[in-house]
Amino acid sequence: MLSGKRVIIAGAGPGLGSATAYLALINGASVVMVARNEERLRSLKAMLSKYGRVEAVKGDLSTMSGAEDAVKRAYGILGGIDGVVTVLGGYTEASISELTEDSLFNMLRVNLAAHLFTVKAAVQLMNRGSIVMVTAIWGPYLNWPNRVAYVASKAALSRVVETLASELLSRGIRVNAVAPGGIRRDFRPERDWRSTRSIGDSSAPPEDIANIIIWLLSDQSEWVNGAVIPADGGFRLRQR
Ligand SMILES: NC(=O)c1ccc[n+]([C@@H]2O[C@H](COP(=O)([O-])OP(=O)(O)OC[C@H]3O[C@@H](n4cnc5c(N)ncnc54)[C@H](OP(=O)(O)O)[C@@H]3O)[C@@H](O)[C@H]2O)c1
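Parameters and conventions
- Residues numbered from 1 in each chain as written.
- Predicted model: local features only at pLDDT ≥ 70, side-chain atom pairs only at ≥ 80, totals over all residues.
- Heavy atoms only, no water.
- Salt bridge = Lys/Arg side-chain N within 4 Å of Asp/Glu carboxyl O.
- Buried < 20%, exposed > 50% of the residue type's maximum accessible area, 1.4 Å probe, protein only.
- Helix = DSSP H or I, 4+ residues; strand = E, 2+ residues; numbered from the N terminus.
- Contact = heavy atoms within 4.5 Å.
- Core = buried A, V, L, I, M, F, W, Y, C linked by side-chain atoms within 4.5 Å.
- Near = heavy atom within 4 Å.
- Polar contact = N/O pair within 3.5 Å; in protein donor to acceptor, adjacent residues only side chain to side chain.
- Areas by Shrake-Rupley, 256 points an atom, 1.4 Å probe, with all protein chains shown as cover.
- Nonpolar A, V, L, I, M, F, W, Y, C, P; charged D, E, K, R; others polar.
- UniProt positions renumbered as here; feature names shortened; annotations may be inferred.
- Pairing = 2+ DSSP bridges.
- Phe/Tyr/Trp six-rings, centres within 6.5 Å; stacked < 30°, edge-to-face > 60°.
- Axes fitted to C-alpha atoms, helices over the stretch in contact; angles between N-to-C directions.

Caption draft 1: The pattern of salt bridges, seen in detail. According to the stated counting rule, one finds twelve salt bridges in the structure shown. When the shortest N-O distance is used, the salt bridge between Asp232 and Arg236 registers 2.8 Å. Classification of Asp232 as buried rests on a relative accessible area of 8%. Salt bridges linked by common partners bring Arg184, Asp186, Arg191 and Glu207 together as one network.

If you want it as structure tokens, here you go:
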């Protein structure tokens, strides 16, 4: 589905980032993974190398200069950019009475600003292509008491998707987002992940979300643009 495509995974960790990198590779893409933890990047690269061309770039995407530097290095390795997935994220619990400046601004930095910095850096180097941002079901689709900063950051990221898609429309760059429910961080290549969950569970193996991301990166989803797709197997529809 992604044959010949050059894809950056921004924020590659043990959960959704590595599952997305794996599925992109087995679908024919070349992949560069970006994250801060060099040792983990090395071990992810070692685990995934046998499935295709994968490289790792150490970088902090939470500043504009850090994102620019990491994306430029990824571009240098790939020789172009056809797809970008912003997977990075953070989480914090606090009610409105417990909210601190640090907790709010930290969430906005990692869950909103870092995604925008990465996209800004990438679109300077892209002709056409697909950008997929990872938000959460909480914010755009569900409320979540006592997670004010987290929900604010995910809601803001979700709301900006249409604006980015609109700005980039004339350049043939699509922008969409997936809004997952809970995601497990137990990714392993080649496993029977479907047998580990049932539709509507509160958390999913990362492959369930990564499959939607792969489709959004591919030309099969060319007519989807500016969408925030709930990726929760129907969890949000459960009677509470
Ligand atoms: N886990 C869940 O239940 C859940 C539910 C809904 C939505 N989500 C969202 O889905 C996405 C993936 O979730 P996940 O649980 O698989 O991963 P995650 O642990 O939330 O984040 C993925 C990776 O992002 C990297 N990262 C964080 N800050 C960074 C920075 N400043 N610069 C570069 N990389 C950075 C981290 O690696 P380094 O530490 O090496 O930088 C981390 O391993 C996130 O956006 C998350 O908010 C998760």
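Caption draft 2: Seen up close, the environment of Ala29. Position of Ala29 among the secondary structure elements: in the loop between helix H1 (16–26) and strand S2 (30–35). C-alpha of Ala29 to C-alpha of Arg185: the two residues are 156 residues apart in sequence and 23 Å apart in space. Excluding its chain neighbours within four sequence positions, the residues that come into contact with Ala29 are Leu2, Lys5, Val7, Ala24 and Arg53.

Caption draft 3: Just the nonpolar core, in detail. Membership of the largest hydrophobic core comes to 35 residues, with the highest contact counts inside it found for Ile8, Val34, Leu61, Met126, Ile131, Met133 and Val175. Those elements that provide at least two residues to this core are strand S1 (6–10), S2, helix H3 (64–78), helix H4 (101–123), strand S5 (129–134), helix H5 (148–168) and strand S6 (173–180). Top element by residues in this core is H4. It accounts for eight residues. Ala24, Leu25, Leu44 and Tyr51 belong to the second-largest nonpolar core, a separate cluster that totals 34 residues.

Caption draft 4: How the structure looks around the environment of Gly172. Within the fold, Gly172 resides in the loop between H5 and S6. It is 15 Å that separates the C-alpha atoms of Gly172 and Lys120, two residues lying 52 residues apart in sequence. Beyond its immediate chain neighbours, meaning those up to four positions away, Gly172 contacts Arg128 and Gly129.

Caption draft 5: Here's a closer look at the site of the ligand. Taken together, 28 residues surround the ligand, and among them Arg36, Asn37, Asp60, Lys154 and Ile183 come closest. Residue Gly11 places a main-chain N or O atom 3.4 Å away from an oxygen atom belonging to the ligand. A distance of 2.9 Å separates a nitrogen atom of the ligand from a polar backbone atom of Leu61. In isolation the ligand has 860 Å² of accessible area, and contact with the protein removes 88% of it. Mapped onto the shell around the ligand, the elements with two or more residues apiece are H5 and strand S7 (182–183). Taken together, the residues of the shell around the ligand break down into 13 nonpolar, ten polar and five charged.

Caption draft 6: Seen up close, the UniProt feature "transmembrane region" (unreviewed entry) in the chain. Feature annotation in UniProt assigns "transmembrane region" (unreviewed entry) to the following positions: residues 12–35. Helix makes up 46% of residues 12–35 and strand 25%, with an end-to-end C-alpha separation of 6 Å.

Caption draft 7: Spotlight on the pairing of strand S3 (residues 54–58). Across five bridges, the pairing between S2 and S3 is parallel. Pairing of Val34 across the sheet is with Val57, part of S3.

Caption draft 8: Quick peek at the packing of aromatic side chains. Within this structure, the stated rule accounts for six aromatic pairs. With a centroid separation of 5.4 Å and an interplanar angle of 50 degrees, the aromatic rings of Tyr22 and Phe187 are classed as tilted. Residue Tyr22 is found in helix H1, and its partner Phe187 is found in the loop between S7 and strand S8 (203–204); the two are separated by 165 residues along the sequence. Assigned by exposure class, Tyr22 and Phe187 land together as buried. Pairing Trp144 with Tyr150 gives two aromatic rings, centres 6.0 Å apart and planes at 75 degrees, and the pair type is edge-to-face. With relative accessibility at 26%, the residue Trp144 sits in the partly exposed group.

Caption draft 9: Structural view of the sheet that holds strand S9 (residues 228–231). As summarised here, the arrangement of the seven strands in space is S3-S2-S1-S4-S5-S6-S9, forming an open sheet in which the pairing is parallel. Strand pairing shows two members of the sheet lacking a second neighbour, S3 and S9, which therefore form its edges. Strand after strand, the sheet turns through a mean of 20 degrees between neighbouring axes, direction not considered. As judged from the four bridges shared by S6 and S9, these two strands associate in the parallel manner. Note on S9: the bridge partner recorded for Ala177 is Val228. Along the sheet, helix H6 (residues 206–217) contacts S1, strand S4 (83–86), S5, S6 and S9; its crossing angle with S6, the most-contacted strand, is approximately 170 degrees.

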